[in-house]
Amino acid sequence: MLVENLCVAKGATDVIFEHVSIEAKPGDLVVVRGPSGIGKTTFLKALAHLIPLKHGKITLNSQTFEDYGAADWRTKVLYVPQRAPTMEISPTSYFNRIKSFKSQKKRKILDPVEIGKNFGLDEDIWTKNWSQLSGGEIQRVVLSIALSTQPEVLLLDEPTSALDPHSTEKVENLLTKIEFNDNDGMIYKPLIFWITHDDLQEQRIATHILRFESVNNKTIYAYRAYHDFP
Ligand SMILES: Nc1ncnc2c1ncn2[C@@H]1O[C@H](COP(=O)(O)OP(=O)(O)OP(=O)(O)O)[C@@H](O)[C@H]1O
């Protein structure tokens, strides 16, 4: 994925970040760091084209959002929120709706219930009402469904913030090793962007770091391979 000169603003003028240019490849795990409110979630949503860009260009496999079309782009570049979707009653009804999307029908979809077992999720979770699930269960269900769709780019917004250390370890273990199969049976590794506030987690999982900080009221960023960071 190539990001060139990206700028996102609140309203017409209030710039959240600008001039962000990075390149990342399949199998990279880019940890996104920075203080609260600096724009980490906004950055991930911009990559998924869920919010408008003020400037800049994002390409995946040398193709843009316009080249792929919105539905295909968001199938390939998947933003995974921390919370349960508000429209569906249960995890299963949410998964069934995703499966019914035309853009998903072109791809092989895995069984999220089996994926969830890797994270310690029992099968009976899937038919419960969202309101009966804990925050940690919701996070793991949402992540399992995201992985079942085999995206090329996974945008994870603090995916373990509600998990205990044991469940966190299971999620980290799976995500740092995960491989998918395309429709032709070719194996590929997703590119992962992962927001965290946890230094130790960063050490365990990062291949690259994207760090935002505020200097003189302007947001600046640094992007490097993990081992190149001072
Ligand atoms: N829907 C929205 N409408 C207007 N402003 C927003 C919206 N969502 C976020 N913002 C603003 O954009 C800025 C960046 O927010 P963002 O959520 O991207 O930060 P963050 O770095 O992810 O923070 P945190 O670590 O607390 O999740 C903040 O000033 C926030 O108030």
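Residues numbered from 1 in each chain as written. Predicted model: local features only at pLDDT ≥ 70, side-chain atom pairs only at ≥ 80, totals over all residues.

### Examining the site of the ligand
For the ligand, the full set of nearby residues is Lys10, Ile16, Gly34, Ser36, Gly37, Ile38, Gly39, Lys40, Thr41 and Thr42. Ranked by residue count, the leading element in the shell around the ligand is helix α1 (residues 40–47), at 3 residues. A class-by-class count of the residues in the shell around the ligand yields 2 nonpolar, 6 polar and 2 charged. (Near = placed C-beta within 6 Å. Helix = DSSP H or I, 4+ residues; strand = E, 2+ residues; numbered from the N terminus. Nonpolar A, V, L, I, M, F, W, Y, C, P; charged D, E, K, R; others polar.)

### Points about the sheet that holds strand β11 (residues 218–225)
Strand order across the open sheet formed by 6 strands is β5-β6-β9-β3-β10-β11, with mixed pairing between neighbours. Of all strands in the sheet, those with a lone pairing partner are β5 (77–80) and β11, marking the two edges. Averaged over all adjacent pairs, the angle separating strand axes in this sheet is 15 degrees, with direction ignored. Taken together, the 4 bridges between β5 and strand β6 (residues 153–157) define a ladder with parallel strand orientation. By the bridge assignment, Leu78 is partnered in β6 with Leu154. Taken strand by strand, α1 contacts β3 (29–33), β5, β6, β9 (191–195) and β10 (208–215), and its axis lies near 155 degrees from that of β9. (Pairing = 2+ DSSP bridges. Axes fitted to C-alpha atoms, helices over the stretch in contact; angles between N-to-C directions. Contact = placed C-beta atoms within 7 Å.)

### Some words on the sheet that holds strand β4 (residues 55–59)
In spatial order, the strands read β2-β1-β4; together these 3 strands make up an open sheet with antiparallel pairing. The outermost strands of the open sheet, each flanked by one partner alone, are β2 (14–23) and β4. Ignoring strand direction, the axes of neighbouring strands in this sheet form an average angle of 25 degrees. When strand β1 (residues 2–10) meets β2, the two strands line up antiparallel, connected through 6 bridges. In the sheet register, Val3 faces β2, and the bridge partner there is Ile22. Its contacts with the sheet place α1 against β1, β2 and β4, and it is angled at close to 120 degrees to β1.

### Examining the confidence of the model for the protein chain
Summarising the model, the protein chain shows a mean pLDDT of 93, and 97% of its residues fall at 70 or more. Confidence estimates for the predicted assembly give a pTM of 0.94 and an ipTM of 0.93. (pLDDT = per-residue confidence, 0-100.)

### A closer look at helix α7 (residues 135–148)
Taking 1.5 Å as the rise per residue, α7 with 14 residues should run 20 Å; its terminal C-alpha atoms sit 20 Å apart, in good agreement. For α7, the set of buried residues is Glu137, Gln139, Arg140, Val141, Val142, Leu143, Ser144, Ile145, Ala146, Leu147 and Ser148. Packed against the buried residues of α7 are β5, α4 (91–100), α6 (112–118), β6 and α8 (165–177). (Expected span 1.5 Å × (residues − 1). Buried ≥ 20, exposed ≤ 12 C-beta atoms within 10 Å, placed from the backbone.)

### Re unusual backbone geometry
The backbone of Asn5 shows a phi angle near 55 degrees, a positive value even though the residue is not glycine. In this fold, Asn5 is placed in strand β1. Among the residues examined, Asn5 registers 12 C-beta atoms within 10 Å and is labelled exposed.

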